[in-house]
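Coordinate inspection notes
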Amino acid sequence: MLPVGNNGRMSRDEPHKDAAWLMRTYSGHSSARASNELYRTNLAKGQTGLSIAFDLPTQTGYDPDHVLAHGEVGKVGVPVVHLGHMRTLLEGIPPGKMNTSMTINAPAAWLFALYVANAEEQGTPSTELRGTTQNDIVKEYLSRGTYIFPPAPSRRLIVDMVAWCAQHAPKWNPMNVCSYHLQEAGATPVQEIAFSLATAIDVLDAVQESGQVPPEQFAQVFGSISFFVNAGIRFVEEICKLRAFTELWDRIGLERYGVTDDKARRFRYGVQVNSLGLTEAQPENNIQRIVLEMLAVTLSKNARARSVQLPAWNEALGLPRPWDQQWSLRMQQVLAFETDLLEYGDLFDGSVVVEAKTAELRDAAWAELQDVLSLGGAFAAVDELKGRLVRSMAERTRRIEAGEQTVVGVNRFTETEPSPLNTPGNILTVDPAVEAELVAELAAWRSARSQDAVDAALGALHDAAVNGGNIMEPSIALAKAGGTTGEWAATLRDVFGEFRAPTGVNAAVGRRVGELAAVAEYVRSLPGGPPRFLVAKPGLDGHSNGAEQIAVAARDAGMEVVYSGIRLTPEQIVASARDEDPDVIGLSILSGSHLSLVPAIIDGLRAEGVDAPVVVGGIIPEADRQRLADAGVSAVYTPKDFQMARIMHDVAHLAAAHRTTG
């Protein structure tokens with residue numbers, strides 16, 4: 001810390017201002033070429049680091065010509081299938097000078113292999129690379145859903161990356177333990193701290209046990225583990241949460257791992273402020289939410305984020321435009337360069353309120369962490385942790401519906417003037433032709449490469465997976481040979497198998513009966529027994545919070561619920577509906593693929609003679625409502641529809657009508 005004067009202001013005979021944090025915007029869409037243009041534009045506007053969003057097929061290890069990729073290509077991020085795409089994505093962006101964050105988890109080793117191969121082509125050795133791969137698979141099991149492999153081999157892949165980076169890319173953060181999505185899934189601050197620290201401990205213990213890193217290098221490994229956190233709207237609590245996080249990580253480094261280097265024990269974290277709290281109703285209110293949440297991770301110097309990326313005001317409506325991202329970038333720049341924030345030491349040292357709340361969160365999180373470790377650690381306790389998160393989210397949903405938790409514009413102060421921001425084209429849409437173009441381009445790529453070289457590289461990857469060799473070197477060799485994302489993942493699927501994460505729904509049943517009493521009474525009156533409600537998530541969208549809360553509410557309302565989790569093909573949903581004979585079918589989609597997947601499912605249902613009404617929930621632009629209705633959808637629910645009792649009332653009456661006419 002720089003010396004301060006009597007009033008806490010930095011001495012004028014020293015550098016008078018701290019350096020600003022890295023400023024990122026989480027972005028990528030359509031194609032590598034389109035995303036490269038966006039990145040270079042954002043960098044020209046003052047962005048200082050890249051944050052790459054990959055599309056769902058890339059995140060889940062599928063090439064764009066796979067059946068599960070249909071409708072998902074380029075929708076929520078950029079498709080990166082092979083080395084040619086990585087070259088295009090980073091064209092004109094020197095890899096040795098850019099700090100790059102890649103939000104990638106199950107196939108993190110593969111995307112980093114492509115990144116390393118591209119850098120080497122440009123003469124930049126891996127030792128010069130700076131950045132982060134998210135690579136936190138536990139939070140994928142718990143909240144985000146882009147997992148591929150079971151827990152044990154998934155942890156092994158993370159360990160291999162950590163060990164390889166320790167030797168070959170020491171400036172790279174091989175794992176970004178991600179508490180962000182835990183809060184999005186309903187985690188309390190205590191759960192957010194404890195579950196993510198448990199994940200980090202699990203991985204660090206496994207690195208030690210692997211024998212790939214000598215003891216004298218372990219402090220370097222500890223220092224390479226970074227975090228990616230969430231900052232919600234409870235301003236004071238969030239400041240204290242980050243201060244508690246900082247203290248606990250320091251304690252773990254010193255007491256559990258014997259790391260004596262203060263610098264290596266620093267809590268290094270990046271942040272995206274809360275998207276869960278952004279609203280579709282009165283979306284202009286999201287601006288002040290974003291600003292306040294940004295302050296929570298920047299005001300306290302001793303717990304300040306090392307990088308910040310902010311969502312856009314219209315993220316609850318759809319894909320933000322470049323102008324929307326610019327607005328969020330300018331928020332950071334005004335705070336960093338116009339205000340005097342960076343001229344002072346920590347504003348909260350000595351605060352009775354902040355120190356008391358920090359201690360409360362720290363002690364509660366430590367107790368929760370010990371409980372998770374007693375269950376065998378984060379990887380072993382995935383089922384239990386998922387249930388806890390679903391219960392927490394159910395309680396949050398209940399508080400909002402009951403009016404106990406105010407959300408301005410949603411459950412209070414709903415009167416509003418027409419917004420000048422609500423104009424045609426206020427979200428970005430991805431041209432459906434992108435998918436066909438990428439499939440054709442992929443065929444050309446495959447025909448131009450040496451298949452013998454690819455086959456040899458795939459064989460080496462398979463052997464490393466079977467024999468326990470480090471996965472990174474064969475992954476880099478496959479990248480250079482022209483292998484694809486789907487080929488890399490398919491090879492490891494053959495060895496490791498696939499995983500179906502727990503839904504956590506049963507853990508939360510029976511907790512919202514009071515709010516749903518009228519619906520439950522109506523359900524009990526229906527002849528033929530309780531309605532059967534099939535809840536399904538088609539495509540690759542793994543954000544299951546909404547579907548889980550619908551399933552919980554339906555069971556609390558006395559319905560029979562069929563919910564088998566995420567990532568289902570239209571054919572699988574149709575087959576389930578044919579076999580389960582539901583009274584109502586509910587589809588949950590947040591990835592923007594609803595216009596592709598919903599009509600395909602309805603056509604399949606009718607072809608099988610299933611005439612149950614279909615309802616759809618998710619981020620659905622207003623302009624698409626009529627198109628879904630024309631396709632046969634009975635009702636559409638979006639984030640502004642927060643009243644579970646009303647939704648369950650609708651579902652119950654649709655079921656009754658179906659029984660009458662069926």
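About the thresholds
- Residues numbered from 1 in each chain as written.
- Predicted model: local features only at pLDDT ≥ 70, side-chain atom pairs only at ≥ 80, totals over all residues.
- Heavy atoms only, no water.
- Helix = DSSP H or I, 4+ residues; strand = E, 2+ residues; numbered from the N terminus.
- Buried < 20%, exposed > 50% of the residue type's maximum accessible area, 1.4 Å probe, protein only.
- Contact = heavy atoms within 4.5 Å.
- Areas by Shrake-Rupley, 256 points an atom, 1.4 Å probe, with all protein chains shown as cover.
- Pairing = 2+ DSSP bridges.
- Axes fitted to C-alpha atoms, helices over the stretch in contact; angles between N-to-C directions.
- Right-handed = clockwise from strand over helix to strand, strands pointing away.
- Salt bridge = Lys/Arg side-chain N within 4 Å of Asp/Glu carboxyl O.
- Lys, Arg positive; Asp, Glu negative; His and termini not counted.
- Polar contact = N/O pair within 3.5 Å; in protein donor to acceptor, adjacent residues only side chain to side chain.
- Parallel < 35°, antiparallel > 145°, perpendicular 65-115°, else oblique.
- Nonpolar A, V, L, I, M, F, W, Y, C, P; charged D, E, K, R; others polar.
- Core = buried A, V, L, I, M, F, W, Y, C linked by side-chain atoms within 4.5 Å.
- 1 Å grid on protein atoms, 1.4 Å probe; cavity = no way out; pocket = protein on both sides within 12 Å on 5 of 7 lines; lining within 4 Å.
- Points joined across faces, edges and corners; volume = space filled by probe spheres on them.
- Left-handed = near helix turned anticlockwise from the far one by under 90°.
- Expected span 1.5 Å × (residues − 1).

1. Details of the overall build of the chain
When helices and strands are counted, the chain shows 24 helices and 15 strands. The buried share of the chain, reckoned over its 662 residues, is 60%. For the chain, long-range pairs separated by at least 24 residues make up 80% of all intrachain contacts whose partners lie at least 6 apart in sequence. Carbon and sulfur atoms make up 53% of the accessible area of the chain, which totals about 24600 Å².

2. Side note on the sheet that holds strand β10 (residues 307-309)
Sheet strands line up and pair through hydrogen bonds in the backbone, either parallel or antiparallel. Taken together, 5 strands build an open sheet; the order of strands is β1-β10-β9-β8-β7 and the sheet is parallel. Strands with a single pairing partner mark the edges of an open sheet, and in this sheet they are β1 (22-24) and β7 (175-178). With strand direction ignored, the average angle separating the axes of adjacent strands in the sheet is 25°. Where strand β8 (residues 225-231) and strand β9 (residues 269-273) come together, 5 bridges link them in parallel fashion. Residue N230 lies in a different strand from β9, and its bridge partner there is Q272.

3. Comments concerning the pairing of strand β3 (residues 50-53)
Where burial is concerned, the two faces of β3 agree: the one with L50 and I52 and the one with S51 and A53 are both buried. Of the strand pairs in this sheet, strand β2 (residues 26-27) and β3 are connected by 2 bridges, and their pairing is parallel. Note that in β3 the partner of S27 across the bridge is I52. Regarding topology, helix α1 (residues 32-44) serves as the crossover connection from β2 to the parallel β3, and that connection is right-handed.

4. Observations regarding the pattern of salt bridges
In this structure the tally under the stated criterion is 46 salt bridges. R449 is the salt-bridge partner of E487, the closest N and O atoms lying 2.6 Å from each other. Taken together, the residues span a long stretch of sequence, with E487 in helix α18 (residues 485-496) and R449 in the loop between α15 (433-448) and α16 (451-467) at a distance of 38 residues. Judged on exposure class, the residue E487 and its partner R449 are both buried. With a closest N to O distance of 3.9 Å, R578 and E608 form a salt bridge. One end of the pair, R578, is in helix α21 (residues 570-580); the other, E608, is in the loop between α22 (594-607) and β14 (614-618), with 30 residues separating them in the sequence. Put simply, R234, E237, K357 and E360 are held in one network by salt bridges that share partners.

5. Digging into the side chain of R24
Among the structural elements, R24 can be located in strand β1. Among buried Asp, Glu, Lys and Arg side chains, R24 stands out as unpaired, with E315 the closest opposite charge at 15 Å. Here the side chain of R24 touches L50 through a polar contact of 2.8 Å, landing on its backbone oxygen. Contacts of R24, omitting those with residues within four sequence positions, involve Q47, G49, L50, S51, N99, T100, S101, S307, V308, Q309, L310 and Q332.

6. Focus on the packing of helix α19 (residues 517-525) against helix α24 (residues 644-661)
Two elements in contact, α19 and α24, have axes whose closest approach is 9 Å; the angle formed by their N-to-C orientations is 10°. One element, α19, and the other, α24, form an angle in the roughly parallel class. Seen from α19, the contacting residues are V519, Y522 and V523; seen from α24, they are A645, M648, H649, A652, H653 and A656. Split by residue class, the contact of α19 with α24 holds 7 nonpolar, 2 polar and no charged.

7. Some details on unusual backbone geometry
A positive phi angle is found at F413, which is not glycine, with a value near 55°. In this fold, F413 is placed in the loop between α14 (382-402) and α15. The phi angle at D581 is positive, at roughly 50°, despite the residue not being glycine. According to the relative accessible area criterion, D581 is exposed, its value standing at 59%.

8. A closer look at the nonpolar core
Core analysis: the biggest nonpolar cluster contains 168 residues, and F112, F227, W249, W488 and M648 have the highest contact counts within it. When residues of this core are assigned to their parent elements, the largest contribution, 12 residues, is made by helix α8 (residues 189-210). If we skip the residues at most four places from it in the chain, W488 touches A106, P107, A109, W110, F149, L157, L461, S475 and L478. If you look at the next biggest cluster of nonpolar residues, it comprises 23 residues, including I589, I601, V610 and A612.

9. Description of empty space enclosed by the protein
Enumeration according to the criterion identifies 4 cavities of 30 Å³ or more in this entry. Grouping the amino acids of the lining of the largest cavity by side-chain chemistry returns 7 nonpolar, 7 polar and 4 charged. In this model, the second largest cavity occupies a volume close to 60 Å³. Lining the second largest cavity are N105, A106, A108, A109, N135, I137, S154, L157, I158 and W488. Per element, the largest residue contribution to the lining of the second largest cavity is 3 residues, and it comes from helix α6 (residues 151-168). Of the residues belonging to the lining of the second largest cavity, the class tally is 7 nonpolar, 3 polar and no charged.

10. A look at the packing of helix α4 (residues 108-121) against helix α17 (residues 472-481)
A pair of packed helices is captured by two measures, namely the crossing angle of their axes and the spacing between those axes. Look at α4 against α17: their axes get within 8 Å of each other, and the N-to-C directions meet at 60°. Here α4 lies oblique to α17, going by the angle between them. With respect to the hand of their crossing, α4 and α17 are arranged in right-handed fashion. Here α4 contributes A109, W110, F112, A113, L114, V116, A117 and E120 to the contact with α17, which in turn contributes M472, S475, I476, L478, A479 and K480. Within the contact of α4 with α17, the residues separate by chemical class into 11 nonpolar, 1 polar and 2 charged.

11. Digging into helix α10 (residues 235-256)
The terminal C-alpha atoms of α10, which comprises 22 residues, lie 31 Å apart, in line with the 32 Å expected from a rise of 1.5 Å per residue. Note on α10: the residue one or two positions beyond its end, G258, has a positive phi of about 65°.

12. Focus: the layout of surface pockets
Each pocket or cavity is described by its volume, and for the second largest pocket that value is around 780 Å³. In terms of lining, the second largest pocket is formed by 21 residues, of which the most central are R266, K301, N302, R304 and R306. When grouped by side-chain class, the residues that make up the lining of the second largest pocket number 10 nonpolar, 2 polar and 9 charged.

13. Description of the sheet that holds β3
An order of β2-β3-β4-β5-β6 is seen for the 5 strands of this open sheet, with the pairing classed as parallel. Single-partner strands in this sheet number two, and they are β2 and β6 (172-173). One ladder, built from 4 bridges, connects strand β4 (residues 99-103) with strand β5 (residues 130-133); its direction is parallel. Bridged to T100 within β5 is G131.

14. Describing the pairing of β9
Among the 5 residues that make up β9, 5 are buried, leaving the element largely enclosed by the rest of the structure. This β-α-β element, β8 to α10 to β9, shows right-handed connectivity. In the sheet, β9 pairs with β10 via 3 bridges, with the strands oriented parallel. Its bridge partner being in β10, V271 is matched across the sheet by V308. Tracing the backbone out of β9, into helix α11 (residues 286-296) and back to the parallel element β10 gives a crossover that is right-handed.

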